[in-house]
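Examination of the molecular architecture
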Amino acid sequence: MEPVEYSLQFPRQPVSAGEARRQVAEVLGASAGIDDEGVVDAIRVVVSELVTNAVRHAAGNEIDVIVIIGGGVVRLEVGDASDVAPRPCTQDTGQEGGRGLFLIKALAARSGVTVLSEGGKRCWAEMELPGQQSSERQAVILSAGLGTRIAIVSRGRPKATVTTGARPVLVSQLRQLYTAGVRHFVVVHAPGDNRHVQALVDQVFAGADLNVRLVLQSVPLGPLDALAKAAPHLLPGGDVTLVLGDTLIGDLAELPADSVAVGRAGAARDFCVVGTDDDGRILAYTDKPDQDTATERAVVGVYRFGDGQLLCELLADPGRDTELSALLRAYGARRALTAVPVDVWWDLGSYDRYVAANRMALTGRAGHSFAVTDDGTVVKRGDGALMAAQARWYRNLPDTALGLAPRLLGEGEGWYRIELVDYPSLAELLLFEPLPEATWRLVLQRLIDVVESRLWAPTRRTDPGLRAWCERKYVEKTEQRLASWKGWTRIRDERLTVNGMQLPAFAEVWPAAVDALRALAATAGQSSLVHGDMTFSNVLLARGYGTFKLLDPGTTFSDTDGGDVRYDIAKLRQSYAGGYDTFREDLFTLRRTEPTVWDLRVFPRPSALTAVGDAVIAEAGFVLIEVRLLEAVQFLSMVPLHHENPDRQCALYARGLQLLVSVLEGQAHAVRV
């Protein structure tokens, strides 16, 4: 049965907690048929505390209360316009008030705060209904191993936070499971890891409607013991996906209930290997057989159990077994498990496998690919004209900027080779590391100073063709790119409603935008050699030395060596204010309640860098309104390049249209990430 949602609205003043309790109790009884007085009384208390907090401490004129009933759970959400999360008082202060959060935690199975991307927050609590079981998908991620075999890359940090494919392993796992429909997570961690793991989850998934509970495995007694410690924190019944903390597979959504993911391994002796019948049903498990040969039936560390209640019963007394195969045999005796082959999977449990996985995770976009070689170089392959243009950019760097980019080491038809630079990108630091604003101010100031002194200033010259370059780059490229987007002829004339805000159709605003862009082109001064795609994902930082490397130059309309440096600045703003890298990492959801009514939710908290970054570029002499106009059209021109994910294309289009409208209407940057 699908959950049923009831929505109640109250003016912030003079709403009373008593009135909220009364209306919620009416919903529970008359509409949902819940008549257990003990349960209803507990829910009344929780509603009262949530509403009281909103009335006393929140902003805005209205409070909304949502009651969601389904899957054996009553979920209460109280929304208001403040971004500030409530904090519990110190329990021994003697205060009469401020104890509501302690009371909520005592009565609710789960509770938390979700900060919304468009502003405001939702304080929520979940109450379990006795005698009912959840059908909700949930997941357990076992990340309690000490990671000693990959200590060379983890460097004392939890292995869940180790980066693979430009993002931490845990982020990849949570994002995949979220896409598959999982909303309730239990993450088992080692002593001391919770601080890092919680900070990562809070930073990346603050705007997502998920619940992550951290559970400690104090002594490393193996995966079966870790799973047993997670079991008490699962919802009653339901469907449970289990993922080992050092495993990634291609698509978790394709794994059906009561199945075990299996894949190819080079040496069977390092894995548990299954035997199956002709229909794929598992008949036997062999732990680490004494075989050096390859196998197609290695258990890769991802499992899905359709009966969570049975799983928890078996985990109540795991006995002396330490291997998961013992649990799989016991579960399979009651409900048949099927082996499901997966083509793409990465084992991060040892350094050699981590290295192999990291190389495989180095992917390109729009038909381009990368390969890391053993001699410390990267080979990029793709469209011949684009590869030649990018190689040309590296060759044309002035002597002053030779250290600002990787060295070009070779080129050929449809490829070029550069040195490997193993620094984190600014996008990784922005999304996955909680750096203070003061640090970001210094990083951005230094980046602009270095690029100005090493790249822009040494190549600055009078260029009579600069105005034409700007018009081609700003107007023609945007129109050509969007025209190549499948379905563009339909969407260009549609008025969208995004997060409740109606936007004019592109066709309605583009003529005014073209006039503004041509006026901007007319103000272009001297030209310089520009990077052309200076988003945070293309800027690497050697943290300990404050030096930068620029990757993957943008080379569309690269028939001249000069360009407008404002374009590079706008690319920076596209990251620190517009949230481009958040979309690139698919840390968002896009739901269409109607064809032209979209709900766009971005997971990371609203960026605190917008004001900092804008101050830095203003101090560097750039006009903010000009940069914002270019930022908007950059979002629009990027849409067709992300054809591998149609939702991402629509999200980028919506963001670009929002930004364009706000600039043309003279508004401040109104879009929050």
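Here we summarise the structure given alongside this text. Every value quoted in this text rests on a predicted model; they were computed, and no experiment measured them.

The helix and strand tally for the chain stands at 21 helices and 28 strands. Out of the 673 residues in the chain, the part that is buried amounts to 54%. When the accessible area of the chain is evaluated, it comes to approximately 28900 Å², of which 49% is carbon and sulfur surface.

Two modes of strand pairing occur in sheets, parallel and antiparallel, and in both the strands are linked by backbone hydrogen bonds. A sheet is described by the order of its strands in space; here four strands give the open sequence E19-E20-E22-E21, paired in antiparallel fashion. In the strand order of this sheet, the two ends are held by strand E19 (369-372) and strand E21 (408-412), each with one partner. Averaged over all adjacent pairs, the angle separating strand axes in this sheet is 20°, with direction ignored. Relative to strand E20 (residues 377-381), E19 is paired through four bridges, and the arrangement is antiparallel. Bridge pairing in E20 links Val372 to Val378. Against the sheet, helix H11 (residues 384-395) makes contact with E20, E21 and strand E22 (415-419), and its axis sits at roughly 35° relative to E22, the strand it touches most.

Turning our eyes to something else, we now look at the sheet that holds strand E23 (residues 496-498). If you trace the four strands from one edge of the open sheet to the other, you get E24-E23-E28-E27, paired in mixed fashion. Looking at which strands have only one partner, the edges of the open sheet turn out to be strand E24 (501-503) and strand E27 (588-594). When strand polarity is set aside, the average angle formed by the axes of neighbouring strands in this sheet is 25°.

Let us now look at the side chain of Gln173. Within the fold, Gln173 resides in helix H5 (residues 169-179). Residue classification places Gln173 among the buried residues on the basis of a relative accessible area of 1%. The contacts of Gln173, once residues within four sequence positions are left out, are Ile141, Val243, Leu244, Gly245, Thr247, Leu248 and Leu252.

Here we come to unusual backbone geometry. Even without being a glycine, Asp258 presents a positive backbone phi close to 55°. One can find Asp258 in the loop between strand E12 (247-249) and strand E13 (259-265). Unusually for a residue other than glycine, Asp552 sits at a positive phi of about 45°. Its place among the elements puts Asp552 in the loop between strand E26 (547-550) and helix H17 (565-576). The buried category is assigned to Asp552, whose relative accessible area is 19%.

As a further point, take the packing of helix H8 (residues 308-315) against helix H9 (residues 324-334). The geometry of H8 relative to H9 is characterised by a closest axis approach of 10 Å and an angle of 135° between their N-to-C directions. Between H8 and H9, the crossing angle belongs to the class labelled oblique. Between H8 and H9 lies a crossing whose hand is right-handed. On the side of H8, the interface is formed by Leu310, Leu311, Glu313, Leu314 and Leu315, while H9 contributes Leu327, Ala330, Tyr331 and Arg334.

Let's shift gears to the packing of aromatic side chains. Following the criterion strictly, the structure yields 17 aromatic pairs and no others. Relative to Trp345, the ring of Phe271 has its centre 5.7 Å away and its plane inclined at 80°; by these criteria the two rings are edge-to-face. Residue Phe271 is located in the loop between E13 and strand E14 (272-276), and its partner Trp345 is located in strand E18 (residues 345-347); the two are separated by 74 residues in the primary sequence. An aromatic cluster is present here, built from Trp485, Trp488, Phe506, Trp510 and Tyr653 joined pairwise through their rings. The aromatic ring of Tyr178 is capped on one face by Arg183, whose charged end is 3.6 Å from the ring centroid. The side chain of Arg592 reaches across the aromatic face of Trp598, ending 5.6 Å from its centre.

For the rest of this paragraph, the subject is the nonpolar core. In a soluble, globular protein the nonpolar side chains are often hidden away together inside. Judged by nonpolar contacts, the single largest core of 92 residues is most densely connected at Leu426, Leu455, Trp456, Tyr474, Trp510, Phe536 and Tyr653. For this core, the element with the most residues is helix H21 (residues 646-664), which contributes 10 residues. Ile141, Val182, Leu210 and Phe271 belong to the second largest nonpolar core, which has 36 residues in total.

This next bit is on the environment of Pro158. Summarising the element assignment, Pro158 is placed in the loop between helix H4 (151-154) and strand E7 (163-164). Other than its neighbours up to four places away in sequence, Pro158 contacts Asp193, His196 and Val197.

In terms of burial, strand E9 (residues 184-189) is a largely internal element, six of the six residues being buried. The alternating pattern of E9 places His184, Val186 and Val188 on one face and Phe185, Val187 and His189 on the opposite face, and all of these are buried. Relative to E9, strand E6 (residues 137-143) is paired through six bridges, and the arrangement is parallel. Each residue of the ladder has a partner; that of Val140, found in E9, is Val186. The pairing of E9 with strand E10 (residues 211-216) spans six bridges and is classified as parallel. When the sheet's bridge partners are listed, His189 is paired in E10 with Leu216. The parallel pair E9 and E10 is bridged by helix H6 (residues 194-204), and the resulting crossover is right-handed.

For the rest of this paragraph, the subject is the side chain of Ser527. Tracing the backbone through its elements, the reader meets Ser527 in the loop between helix H16 (506-522) and strand E25 (539-542). In this structure Ser527 comes out as buried when scored by relative accessible area, which is 0%. A polar contact of 3.3 Å, which involves the side chain of Ser527, links it to the side chain of Asp463. Beyond its immediate sequence surroundings of up to four residues, Ser527 is in contact with Thr459, Arg460, Arg461, Asp463, Leu466, Gly562 and Gly563.

Over its 12 residues, H17 runs 17 Å from end to end, which matches the ideal 16 Å to within 8%, given 1.5 Å per residue. Burial within H17 is extensive, with 12 of its 12 residues counted as buried. For H17, the full list of buried residues reads Val565, Arg566, Tyr567, Asp568, Ile569, Ala570, Lys571, Leu572, Arg573, Gln574, Ser575 and Tyr576.

Cut-off values and rules
Residues numbered from 1 in each chain as written. Predicted model: local features only at pLDDT ≥ 70, side-chain atom pairs only at ≥ 80, totals over all residues. Heavy atoms only, no water. Helix = DSSP H or I, 4+ residues; strand = E, 2+ residues; numbered from the N terminus. Buried < 20%, exposed > 50% of the residue type's maximum accessible area, 1.4 Å probe, protein only. Areas by Shrake-Rupley, 256 points an atom, 1.4 Å probe, with all protein chains shown as cover. Pairing = 2+ DSSP bridges. Axes fitted to C-alpha atoms, helices over the stretch in contact; angles between N-to-C directions. Contact = heavy atoms within 4.5 Å. Parallel < 35°, antiparallel > 145°, perpendicular 65-115°, else oblique. Left-handed = near helix turned anticlockwise from the far one by under 90°. Phe/Tyr/Trp six-rings, centres within 6.5 Å; stacked < 30°, edge-to-face > 60°. Lys NZ or Arg CZ within 6 Å of the ring centre and 35° of its normal. Core = buried A, V, L, I, M, F, W, Y, C linked by side-chain atoms within 4.5 Å. Right-handed = clockwise from strand over helix to strand, strands pointing away. Polar contact = N/O pair within 3.5 Å; in protein donor to acceptor, adjacent residues only side chain to side chain. Expected span 1.5 Å × (residues − 1).

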